[in-house]
Amino acid sequence: MSVPADADQRRAIAPVICYPTESLRPAPLDLYHAARAVAIEVTSLRIAPREAGAFTVPAGSFFRISCPDGSQVGDLNLFAADNLRERFFSGKTRALHGTHVSTGDRLWSCLPWLRPMATITADTLDWYDTDPHGGRVHDVIGTRCDPYTHHLLQGQDYHNCCHSNLTRALAAHTGRSLAEVEPHVHDVLNVFMCTGFTRDTGQYFMKASPARQGDYIEFFAEIDLLGVLSACPGGDCGAEHSSDAAICHALAVTVYTPPKGALDGWQPPARSGYSGTHGLG
Ligand SMILES: [Zn+2]
């Protein structure tokens, strides 16, 4: 390996933020919190360990994902309720808000829509911040555990990876075949998962989630949503996933709707204003 004479100089160049977000209008959290304070529970769903469940949330309502029984990681997919092609864009959410998300951050939809699908309005793990290993909670780094990577690395079939759980739940909800819906399953928000990158090799690491029974994260639905959530076979993801070895718990999803008038002046966000001509229109 030959090292250039100015290697240290090149390494010392100061970084710049790829996507400064100062031009984004901040989420109106005061309005959302006031609406949440008067919202009432309308539906709830319990998701069994190593399974997934689907739920819908009307625009202007809230949904809470919680650990009713104990520490448990969830893999979340979001779709526009009327259009499976508009789905959560984990990569751009990461580019805009960082590797992990919390209160005030938004979950953005894919191109060409690129609009907030949901805004995080509460998070009982806000306090965790960054641990000594560089770990943080609720990541948009990981993709989802899947049987293809498991087969690649272990040479075995395992059918309760989050990817398969999400696929089965989406098929059941839409009445479509597994083959039809599988391409719609996408990179997730890893709810309650504690992750980071190792400093020496830059590898993706996980450690036991700090979530405990009763912890929750809440979202405001910016558009009509279809959510699909998997209770990861990794449990708290402290040791391994893609097997039945870990202790797993259920997850709960609860939807809350505020009364009419609680969101006066608020409107669902419009899709991206880009012309879509790509220079040829
Ligand atoms: Zn998983």
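Structure report, in brief. Small disclaimer: the values here were computed from a predicted structure and weren't measured. (Residues numbered from 1 in each chain as written. Predicted model: local features only at pLDDT ≥ 70, side-chain atom pairs only at ≥ 80, totals over all residues.)

Let us look at the overall build of the protein chain. Counting its secondary structure elements, the protein chain contains 6 helices and 13 strands. The C-alpha radius of gyration of the protein chain comes to 20 Å, within 12% of the 19 Å expected for a compact globule of 281 residues. Here the C-alpha coordinates of the protein chain stretch approximately 65 × 45 × 45 Å along the principal axes. In the protein chain, 73% of the contacts between residues at least 6 apart in sequence involve partners at least 24 apart. (Helix = DSSP H or I, 4+ residues; strand = E, 2+ residues; numbered from the N terminus. Rg over C-alpha atoms; globule rule 2.2 N^0.38 Å. Contact = placed C-beta atoms within 7 Å.)

Pairing in this open sheet of 6 strands is antiparallel, and the strands run β1-β13-β3-β11-β7-β6 from one edge to the other. Each end of this open sheet is capped by a strand with a single partner; those strands are β1 (40–47) and β6 (106–108). The sheet shows a mean angle of 25 degrees between the axes of neighbouring strands, direction not considered. Bridge count between strand β3 (residues 62–66) and strand β11 (residues 216–221): 5 bridges; the pairing is antiparallel. By the bridge assignment for β11, phenylalanine 62 is matched with phenylalanine 220. Packing against the sheet, helix α2 (residues 29–37) makes contact with β3, β7 (116–123), β11 and β13 (251–257), and its axis sits at approximately 70 degrees to β7. (Pairing = 2+ DSSP bridges. Axes fitted to C-alpha atoms, helices over the stretch in contact; angles between N-to-C directions.)

It is a general feature of regular strands that their side chains alternate between the two faces of the sheet. Pairing analysis gives 2 bridges linking strand β4 (residues 74–80) to strand β5 (residues 83–87), with the strands arranged antiparallel. Within β5, the position partnered with alanine 80 by the bridge is asparagine 83. Turn length for the β4-β5 hairpin, with the two strands adjacent in sequence and antiparallel, is 2 residues.

It is worth spelling out the environment of histidine 97 at this point. As for its position among the elements, histidine 97 is in helix α3 (residues 90–97). A residue is classified by how many C-beta atoms lie within 10 Å of it, and histidine 97, with 20 of them, is buried. Note: C-alpha distance between histidine 97 and threonine 21 (76 residues apart in sequence) is 8.2 Å. (Buried ≥ 20, exposed ≤ 12 C-beta atoms within 10 Å, placed from the backbone.)

Attention now moves to α3. Turning to α3, its buried residues are Ser90, Thr93 and His97. Seen along its axis, α3 keeps its buried residues to an arc of 60 degrees; they face one direction. The inward-facing, buried residues of α3 abut β6 and β9 (189–197). Within two residues after α3, glycine 98 carries a phi angle of roughly 105 degrees, on the positive side. (Arc of directions from axis to C-beta.)

What follows deals with the environment of arginine 168. With respect to the secondary-structure elements, arginine 168 resides in helix α5 (residues 162–174). The spacing of arginine 168 and leucine 178 is 10 residues in sequence and 6.5 Å in space, taken between C-alpha atoms.

Let's shift gears to unusual backbone geometry. With an omega of 5 degrees, the peptide bond running from leucine 111 to proline 112 counts as cis. Checked against the element boundaries, proline 112 lands in the loop between β6 and β7. Positive phi, normally seen in glycine, also occurs at leucine 114, with a value near 40 degrees. Residues other than glycine seldom take positive phi values, yet cysteine 237 does so here, at roughly 60 degrees. You can see cysteine 237 is positioned in the loop between β12 (225–231) and β13.

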